[in-house]
Amino acid sequence: MQVPLLDLKAQYGPLRDSIEVRLREVVESQYFILGPVVAEFEVAIRDYCHSAFAVGMSSGTDAQLAILMHLGIGPGDAVITTPFTFFATAGCVSRVGARPIFCDIEAGTFNLSPAAVASYLGNVARRDADGVLRAPTGERIRAIVPVHLFGLCAAMKEFLALGKAYGIPVLEDASQAIGAEYPFPDGLRGDAGSMGEFGWYSFFPSKNLGAFGDAGLAVGRDVRDEAPLRAMRMHGMDTQYVHRFVGGNFRLDALQAAVLSVKLPHLDGWSDARRDHAALYRKLFEAAGLTGKITLPAEPYAQAGLRHHHIYHQYVIRTPRRDELLAHLKSCGIGCAVYYPLPLHLQECFAALDYRAGAFPESERAAAEVLALPVYPELTREQMIFVVESIAEFFRRG
Ligand SMILES: Cc1ncc(COP(=O)(O)O)c(C=O)c1O
């Protein structure tokens, strides 16, 4: 049996006709850059994400860049984030000329640890005589960027409290977590991307909501930021050929917005299916006696009564024998992958930041142990049974 890590054709088949209708509309209109289809999608996705506004961008990376540029984060600044994420989270910080500061993750959730950030802010960062919060290397600390990795929200209550205490905004990298929910005390619910000052999402084709190419979104909670962000994606232009500041070409294509508009109403159902798969995996792994050999994904918010307490963009197990298990599963025809094999503090391009191996033990251990298994919505029960049996066979062989 073949079990791919992801099967985008299985999702496309049932949507083919409706997508073709919307794509043809755009082609017939010849309105390819922004325009009514993008505007319609922005309203729908803003409401879905419960944000104050939503600005379609050319990718998640560009959405983050636009937000950092809007905040004026650049040379002389620093941004705190996780070393265990896709490169873009820290890459964008560097690209605007600021310094990424890494703090370690929580072992259970793989998300940025609020305790590690609190410890950095309390023990390593310093306030100047003029009250400016600075890294020991002198940069002004401008933001905290938690990432809702694999579709599970980071500990936002704690990060928002830290942001407030230190007077810095919390910017959410929700690229992998559209629709994920977070339980605040008193029964209040937060939506990934809409809890901090700003958030961004990626619609890379493999995401839970995937475009037919690159696409992304920036959201925020203060409508006063909407117009500048709209200008930011148009080279800082708000009136034709009049530029108040320097932005970029960060626009969402109308063709991508058309695809995303057709897919958006299906997103909740797809996330439900992913979560059902995770529940079945758990049952099957328990029945096979494998829970002592592999660690299953943590579900810290499962008891909070939220539908999307996890959206399982990735289903990630861990085992110290990861590389052997990966080779075995591949030989069985099962698609699996390592997100991410080298933490960002150890990337060559960040050598000048002067982090050493051992600086972030949980991130480094996760990088050595994680393995993502297939969890896409159209995956069948039989395929999942085959995955679990193949893992059981691996451990039986010893
Ligand atoms: C956590 C994270 N941040 C940022 C990005 C960047 O998004 P994009 O590929 O749309 O630029 C991604 C996408 O892979 C991601 O997973």
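Just so we're clear, the structure is a prediction, and the values are computed from it rather than from any experiment. (Residues numbered from 1 in each chain as written. Predicted model: local features only at pLDDT ≥ 70, side-chain atom pairs only at ≥ 80, totals over all residues. Heavy atoms only, no water.)

A. Structural view of the nonpolar core. The biggest cluster of nonpolar side chains holds 59 residues, and the ones touching the most others in it are I45, V117, L121, I141, F159, I178 and F203. Counting only domains with at least three residues in this core, you end up with domain 1 (8-265) and domain 2 (266-397). Apart from residues no more than four positions distant in its own chain, I45 is found in contact with A54, I178, F203, L209, L217 and L264. If you look at the next biggest cluster of nonpolar residues, it comprises 30 residues, including I294, L325, C336 and V387. (Core = buried A, V, L, I, M, F, W, Y, C linked by side-chain atoms within 4.5 Å. Buried < 20%, exposed > 50% of the residue type's maximum accessible area, 1.4 Å probe, protein only. Domains from an automatic or database assignment. Contact = heavy atoms within 4.5 Å.)

B. Layout of helix α2 (residues 36-49). Between its first and last C-alpha atoms α2 spans 20 Å; for 14 residues at 1.5 Å apiece the expected length is 20 Å, and the two agree. All buried positions along α2 are accounted for by V37, V38, F41, E42, I45, Y48 and C49. Here the buried residues of α2 occupy an arc of 135 degrees about the axis, which is enough to place them on one side. Directly after α2, the chain includes H50, whose backbone phi takes a positive value near 55 degrees. (Helix = DSSP H or I, 4+ residues; strand = E, 2+ residues; numbered from the N terminus. Expected span 1.5 Å × (residues − 1). Arc of directions from axis to C-beta.)

C. Representation of the site of the ligand within the structure. As a structural note, the neighbourhood of the ligand is formed by 14 residues, with G60, T61, D173, S202 and K207 the closest of them. A distance of 2.5 Å separates an oxygen atom of the ligand from a polar atom in the side chain of T61. Within the side chain of S202, an N or O atom sits 2.6 Å from an oxygen atom of the ligand. Protein burial of the ligand: of its 390 Å² of free accessible surface, 93% is covered by the chains. Class assignment for the residues of the shell around the ligand results in four nonpolar, eight polar and two charged. (Near = heavy atom within 4 Å. Polar contact = N/O pair within 3.5 Å; in protein donor to acceptor, adjacent residues only side chain to side chain. Areas by Shrake-Rupley, 256 points an atom, 1.4 Å probe, with all protein chains shown as cover. Nonpolar A, V, L, I, M, F, W, Y, C, P; charged D, E, K, R; others polar.)

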